[in-house]
Amino acid sequence: MIKKTFHGGYYFNCEDKPREKVIESVLPPMVVIPLKQGFGREVKPLVTVGDKVKAGQIIGRDDHGVSSPVHASINGNVERITKLKYSTGPINAVIITADSNPDWQPLAGNNRNWQLLSLEKIETLLYSSGATSLDSKGIPTRFKTSSNVGRDVSDLIIQGIEDRPYNLSLPALLAGERCTHFIEGIKILQKIMPRANIHLAINRNRREIKRELIQKTEDLKWLTFYSLPPRYPQGNDRVLAATILGKRDRKTVDAEGIAVLSVGTVLNVHDAVVEGKPVIETIIALCGPGWKENINIRVRVGTPIETITGIYLDQTNSNWMIIPNNPLTSGALADFSLPVDRTITSLTAVSKNIKVQRPWSLLSAISPLKGRGCSPNIYDEVKPCIFCGYCEEICPAGIIPHLIDKYARRNIISNELIRYGIFECVECNLCSYICPSKIPVARHIKLGQQRLIEYGFTEPEAGLKEDTVEKYCLGQEG
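Model, not experiment: these values are computed from the prediction.

### Here's the deal with the nonpolar core
The biggest cluster of nonpolar side chains holds 78 residues, and the ones touching the most others in it are Leu156, Leu174, Phe182, Leu189, Leu200, Leu213 and Leu430. Not counting residues up to four positions away in its chain, the partners in contact with Leu174 are Cys179, Phe182, Ile209, Val263 and Leu267.

Here it is, written out as structure tokens:
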């Protein structure tokens with residue numbers, strides 16, 4: 001087992017974490033299936049209004065574009081096809097009303113003796129299941145599911161770090177036989193990526209899980225085991241690739257040859273190939289003080305969030321805001337009628353009315369291991385920068401956020417921003433979280449990047465030295 005770490009970062013120790021088991025939620029009376037879920041573009045509907053569909057049936061597909069199929073997650077009838085309004089733009093969706101049958105239809109050709117399956121059959125099962133759309137870059141196969149092609153992947157990193165404020169816990173994901181399923185999923189991935197070095201990175205504090213995984217994988221000589229601290233943003237694709245592979249150029253993980261997948265995705269790989277199960281369910285952690293109980297629930301994909309809040313949210317307070325996935329990088333949902341899709345792993349409920357006491361930021365920077373409840377991180381006003389250096393100290397990219405913020409906020413768009421590494425930012429938003437003056441540093445860095453590109457500056461290629469940066473800067477100082 002290899003122990004590594006990275007510069008900067010922050011340990012979260014939030015209260016209101018979900019219990020370490022998964023509870024089956026009720027079958028929803030209706031689901032909303034977006035025709036774009038995860039990596040790839042929107043697919044074309046294969047059903048029309050009035051069609052009867054079965055859970056697990058493919059209802060949207062486009063084999064010509066970079067995409068993966070989507071499925072009906074319940075048995076029922078297509079009520080209508082409508083357009084959902086997401087903050088990133090409209091997406092078509094199929095609305096299905098349920099009958100009372102909870103069963104689902106398996107994919108054709110799945111096999112518990114998956115070793116007998118050809119490479120082509122395994123990739124077809126993964127594509128047909130929709131698992132190839134999961135995580136930030138999808139799973140590379142012979143289909144158009146990722147920018148990589150399976151046999152060209154040089155490094156596959158599987159991350160189980162639990163570094164965010166709230167996570168799907170490893171004990172919940174790997175309970176009972178699921179640990180064995182996880183290892184089978186890794187073996188399947190090794191078969192479709194035969195030239196890849198396989199790296200498994202696990203939260204170093206999960207001693208029992210590490211012990212079990214080591215015992216069950218001791219014969220897998222091609223697997224390298226890493227024990228990493230759960231310090232945010234260790235699970236970020238770029239930070240993780242830099243930690244494990246030692247390559248710190250910002251485009252390393254974006255280049256062809258590196259794939260990063262989560263523990264949950266590996267389990268979906270097993271389920272697709274061995275059990276023939278499409279991605280029609282997802283596990284969601286209910287986090288923060290707004291829920292009646294902090295639990296992990298298994299729900300059908302397409303379940304409206306208002307269905308979940310109607311059952312599990314504390315109704316004594318009507319001012320909860322709901323934040324999907326990482327609360328440091330995601331905004332609050334404006335519309336609870338939007339559905340849970342394959343990409344949502346947690347819902348954090350926090351009151352809109354709480355104003356955090358400013359000294360908390362200073363205290364949390366000094367003593368980050370101290371447990372604290374979730375808050376909206378809202379303050380009465382932004383204060384001037386006091387040059388405390390916390391943002392520089394915790395930045396995983398090794399840049400000086402407060403210095404870049406100063407340029408970007410004053411609209412000084414010049415080569416200096418590139419020299420200071422503005423494009424090295426990994427967008428973890430930790431600088432904004434930690435700032436005692438509550439300056440939206442990360443937002444200003446993003447704004448600076450956008451303005452540089454608008455003004456004709458071009459991102460330097462990976463590996464360039466500072467003295468060669470200028471030739472990539474096409475514009476004039478603003």
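### Thoughts on a positive patch on the surface
On the surface, Lys3, Arg204, Arg207 and Arg211 cluster together into a patch of positive charge. Along the polypeptide, Lys3 turns up in strand 1 (residues 2-3).

### So, helix 6 (residues 263-275)
An ideal rise of 1.5 Å per residue puts 18 Å on 13 residues; helix 6 measures up with 17 Å between its terminal C-alpha atoms. Of all 13 residues that make up helix 6, 10 are buried, and the element is covered over most of its length. Val263, Thr265, Val266, Leu267, Val269, His270, Asp271, Ala272, Val273 and Val274 are the residues of helix 6 that are buried. Against the buried residues of helix 6 lie helix 1 (119-129), strand 10 (155-160), helix 2 (170-173), helix 3 (178-192) and strand 13 (258-262). Phi turns positive one or two residues past the end of helix 6, at Gly276, with a value near 70°.

### Description of the sheet that holds strand 7 (residues 70-71)
Strand order in the open sheet formed by three strands is 4-6-7, and the pairing between neighbours is antiparallel. Two strands bound the open sheet, and with one partner strand each, they are strand 4 (44-45) and strand 7. Two elements, strand 6 (residues 58-61) and strand 7, share two bridges in a ladder whose sense is antiparallel. For Ile58, the partnering residue across the bridge sits in strand 7 and is His71.

### Side note on the confidence of the model for the protein
Predicted coordinates in areas of low pLDDT are best not read in detail. Averaged over all residues, the pLDDT of the protein equals 88, while 87% of them reach at least 70. Note on residues 358-363: pLDDT under 50 across the span, and 17 contacts to partners over four residues away in sequence or across chains. Scored below 50 in pLDDT, residues 462-478 shows 25 contacts in the model against residues more than four places distant or in partner chains.

### A word on the pattern of salt bridges
Scanning the entire structure with this criterion turns up 17 salt bridges. Between Arg80 and Glu79 there is a salt bridge, with its nearest N and O atoms 2.8 Å apart. With relative accessibility at 39%, the residue Glu79 sits in the partly exposed group. The salt bridge partner of Asp405 is Arg409, with a shortest N-O separation of 2.8 Å. Residue Asp405 and its partner Arg409 are located together in helix 10 (residues 401-409), separated by four residues, close to a single helical turn. Its relative accessible area of 3% is what places Asp405 among the buried residues. With a relative accessible area of 45%, Arg409 lands in the partly exposed category. Beyond isolated ion pairs, a larger network of salt bridges with shared partners links Glu20, Glu162 and Arg206.

### Some words on the packing of helix 1 against helix 6
Packing of helix 1 against helix 6 brings their axes to within 9 Å, and their N-to-C directions diverge by 115°. In terms of orientation, helix 1 and helix 6 fall into the roughly perpendicular class. In terms of crossing hand, the pair formed by helix 1 and helix 6 is right-handed. In this structure, helix 1 uses Ile122, Leu125, Leu126 and Ser129 to contact helix 6, whose residues at the interface are Val269, Ala272 and Val273. Split into classes, the residues belonging to the contact of helix 1 with helix 6 amount to six nonpolar, one polar and no charged.

### Considerations on the sheet that holds strand 12 (residues 223-228)
Strand order in the open sheet formed by five strands is 1-12-11-10-13, and the pairing between neighbours is parallel. One side of each edge strand has no neighbouring strand; the edge strands of this open sheet are strand 1 and strand 13. Running over the sheet, helix 5 (residues 237-245) touches strand 10, strand 11 (197-203), strand 12 and strand 13 and is turned about 115° from strand 10.

### Some details on the side chain of Thr243
In this structure, Thr243 sits in helix 5. Overall, the relative accessible area of 6% leaves Thr243 in the buried class. Polar contacts involving the side chain of Thr243 include one to the side chain of Gln234, which spans 3.1 Å. Residues within four places of Thr243 in sequence aside, it is in contact with Lys4, Thr5, Phe6, Leu228 and Gln234.

### Quick look at the state of the cysteines
One way to say it: the disulfide is the covalent bond shared by the sulfur atoms of two cysteines. Going through the model one piece at a time under the given rule, you end up with zero disulfides. Lacking any disulfide linkage, Cys395 is separated from the closest cysteine sulfur, that of Cys428, by 6.5 Å.

### Things to note about helix 5
In terms of burial, helix 5 is largely enclosed, as seven of its nine residues are buried. Residues Arg238, Val239, Leu240, Ala241, Ala242, Thr243 and Ile244 constitute the buried set of helix 5. If you follow the buried residues of helix 5, they end up packed against strand 10, strand 11, strand 12 and strand 13. Residue Asn236 occupies the N-cap position of helix 5, its side-chain oxygen lying 2.9 Å from the main-chain nitrogen of Arg238.

### Digging into the environment of Arg164
With respect to the element layout, Arg164 can be found in the loop between strand 10 and helix 2. Setting aside chain neighbours within four positions, we find Arg164 in contact with Phe12, Tyr232, Asn325 and Asn326.

Cut-offs applied
- Residues numbered from 1 in each chain as written.
- Predicted model: local features only at pLDDT ≥ 70, side-chain atom pairs only at ≥ 80, totals over all residues.
- Heavy atoms only, no water.
- Core = buried A, V, L, I, M, F, W, Y, C linked by side-chain atoms within 4.5 Å.
- Buried < 20%, exposed > 50% of the residue type's maximum accessible area, 1.4 Å probe, protein only.
- Contact = heavy atoms within 4.5 Å.
- Patch = residues over 30% accessible without salt bridge, like charges linked within 9 Å, V, L, I, M, F, W, Y side chains within 5 Å.
- Areas by Shrake-Rupley, 256 points an atom, 1.4 Å probe, with all protein chains shown as cover.
- Salt bridge = Lys/Arg side-chain N within 4 Å of Asp/Glu carboxyl O.
- Lys, Arg positive; Asp, Glu negative; His and termini not counted.
- Charge placed at Lys NZ, Arg CZ, Asp CG, Glu CD.
- Helix = DSSP H or I, 4+ residues; strand = E, 2+ residues; numbered from the N terminus.
- Expected span 1.5 Å × (residues − 1).
- Pairing = 2+ DSSP bridges.
- pLDDT = per-residue confidence, 0-100.
- Axes fitted to C-alpha atoms, helices over the stretch in contact; angles between N-to-C directions.
- Parallel < 35°, antiparallel > 145°, perpendicular 65-115°, else oblique.
- Left-handed = near helix turned anticlockwise from the far one by under 90°.
- Nonpolar A, V, L, I, M, F, W, Y, C, P; charged D, E, K, R; others polar.
- Polar contact = N/O pair within 3.5 Å; in protein donor to acceptor, adjacent residues only side chain to side chain.
- Disulfide = S-S within 2.5 Å.

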